[in-house]
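Take a look at the letters that make up each chain.
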Amino acid sequence: MSGARWHESLARLLVERGVAPGEARRLAEDSRDEARAAGVDPAELFGPAAAYAAGMARAARPAPLAALTRTRGPVVLRLTKVVKRYRRREVLRGVDLTLRAGEVAAVVGANGSGKSTLLDICAGAAKATSGLVERAASIGYAPQQHGVAPYLTPEEHFRLFGAVHGMGSRRAVATGTHLAAGLGWRPRAGAVAARLSGGTQQKLNVVLGELNRPELILLDEPYQGFDQDSYLDLWTQVYAWRDAGAGVLVVTHLLHDLDRVDHVLELKGTEDR
């Protein structure tokens, strides 16, 4: 299916599943723009249009969450007047956020508003031009793109990332396999990452981000290519992390997610200010 047909199909399927036509068109346009920015076919980035539409439509009708009684812990991420500038282009301006252990924050905004750039800064993969970034010592990061090595198997990923965190090989594989099961995935022996579907690569990405049980977990639209059950499994996992005392920062373009989080940080893009 061509890219144009994939997006047309996505919009139609969303409407068929009860999403308002205007919202369905906006979501399809967002996915089109993201695929173009990534330089890949949308089916490769998001998976089959039918499965992606099912997950989005299910998100539009989220099950009510039971009230949680919990104590918020120490600050795991604090952003104070963060600015990011590339030569003459300013991507982020004056971003403020305080995230504590036991909280979930969502980052939203239009394409090009700097969401992924902000997560790179939070992870230490990029430097802010100015402002203050304070973060916990233990961080897990699942970027939207290029988070896995294409010619390594999931088990090899677990061993490699586990070694970085000082984990023994056996423990790393056992932990990774257990976390994968929480996302409804059982890694197949011998299958390299390049041969996994886009959604399964994202599951591997999320597992690697949590492998060392970090204090701060950063997720950049981690549900790309997920089917509806995997999408719900992800949110179940996010709240399990929160209940366990981690702080979670997640980039999302699904506005229906926002009633599930403790904080919402909207990036408007510097051209809108």
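A short tour of the structure in this document, coming up. (Residues numbered from 1 in each chain as written. Predicted model: local features only at pLDDT ≥ 70, side-chain atom pairs only at ≥ 80, totals over all residues. Heavy atoms only, no water.)

Taking 1.5 Å of rise per residue, the 14 residues of helix α7 (residues 169-182) would be expected to cover 20 Å, and the 20 Å separating its terminal C-alpha atoms lies within 8% of that figure. Restricting attention to buried positions, one finds in α7 the residues Ala172, Val173, Thr175, Gly176, Leu179 and Ala180. Taken around the axis of α7, the buried residues stretch over an arc of 165 degrees, which confines them to a single face. Opposite the packed face of α7, turned more than 90 degrees from it, sit the exposed residues Arg170, Arg171, His178 and Ala181. Buried-residue contacts for α7 involve α6 (154-164) and α8 (198-210). Count one or two residues on from α7 and you reach glycine 184, which has phi positive near 70 degrees. (Helix = DSSP H or I, 4+ residues; strand = E, 2+ residues; numbered from the N terminus. Expected span 1.5 Å × (residues − 1). Buried < 20%, exposed > 50% of the residue type's maximum accessible area, 1.4 Å probe, protein only. Arc of directions from axis to C-beta. Contact = heavy atoms within 4.5 Å.)

Here we come to the environment of glycine 166. Locating glycine 166 in the fold gives a position in the loop between α6 and α7. Counting along the chain gives 46 residues from glycine 166 to asparagine 212, while the straight-line C-alpha distance between them is 9.0 Å.

A separate point is the packing of α6 against α8. Interaxial distance between α6 and α8 falls to 10 Å at its minimum, and their mutual angle equals 20 degrees. Judged by the inter-axis angle, α6 sits roughly parallel to α8. For the element pair α6 and α8, the recorded crossing hand is right-handed. From α6, Pro154, His157, Phe158 and Phe161 reach across to α8, where they touch Leu204, Val207 and Leu208. The residue inventory of the contact of α6 with α8, partitioned by class, reads six nonpolar, one polar and no charged. (Axes fitted to C-alpha atoms, helices over the stretch in contact; angles between N-to-C directions. Parallel < 35°, antiparallel > 145°, perpendicular 65-115°, else oblique. Left-handed = near helix turned anticlockwise from the far one by under 90°. Nonpolar A, V, L, I, M, F, W, Y, C, P; charged D, E, K, R; others polar.)

Reading across from one edge, β2-β1-β4 is the order of the three strands in this open sheet, with antiparallel pairing throughout. Unpaired on one side and paired on the other, β2 (89-100) and β4 (130-135) mark the two borders of the sheet. The sheet shows a mean angle of 15 degrees between the axes of neighbouring strands, direction not considered. On top of the sheet, helix α5 (residues 115-123) reaches β1 (75-86), β2 and β4; it is set at about 125 degrees to β1, its chief contact. (Pairing = 2+ DSSP bridges.)

Reading across from one edge, β5-β6-β7-β3-β8 is the order of the five strands in this open sheet, with parallel pairing throughout. What marks the edges here is a single partner per strand, and that holds for β5 (139-142) and β8 (263-267). Pairs of neighbouring strands in the sheet enclose a mean axial angle of 15 degrees, with direction left out of account. In this sheet, strand β7 (residues 247-251) lies alongside strand β3 (residues 104-109) in parallel orientation, the contact comprising four bridges. Note on β7: the bridge partner recorded for alanine 106 is valine 250.

Among the secondary structure elements, aspartate 220 is positioned in strand β6 (residues 216-220). Salt bridges are absent for the buried aspartate 220, whose nearest opposite-charge side chain, lysine 115, sits at 7.1 Å. Side-chain polar atoms of aspartate 220 contact the side chain of serine 116, separated by 2.6 Å. Excluding residues within four positions of it along the chain, aspartate 220 makes contact with Ser116, Leu119, Ala142, Pro143, Gln144, Gln202 and Val251. (Lys, Arg positive; Asp, Glu negative; His and termini not counted. Salt bridge = Lys/Arg side-chain N within 4 Å of Asp/Glu carboxyl O. Polar contact = N/O pair within 3.5 Å; in protein donor to acceptor, adjacent residues only side chain to side chain.)

By the secondary structure assignment, lysine 84 is in strand β1. Aspartate 120 provides the closest opposite charge to the buried, salt-bridge-free lysine 84, at an N-O distance of 8.9 Å. Polar side-chain contacts of lysine 84 include one of 2.7 Å to the backbone oxygen of lysine 127. Leaving out residues up to four positions away in the same chain, lysine 84 has contacts with Arg89, Glu90, Val91, Leu92, Thr117, Ile121, Lys127, Ala128 and Thr129.

One finds Leu204, Leu219, Val238 and Trp241 to be the most contacted residues of the largest nonpolar core, which totals 34 residues. Contributions of two or more residues to this core are made by β3, α7, α8, β6, α9 (228-243) and β7. For this core, the leading source of residues is α9, giving six residues. Here tryptophan 241 is in contact with Val206, Glu210, Ile217, Leu219, Ala246 and Val248, once residues within four sequence places are set aside. Of all hydrophobic cores here, the second largest spans 23 residues; its members include Leu77, Val82, Val95 and Val251. (Core = buried A, V, L, I, M, F, W, Y, C linked by side-chain atoms within 4.5 Å.)

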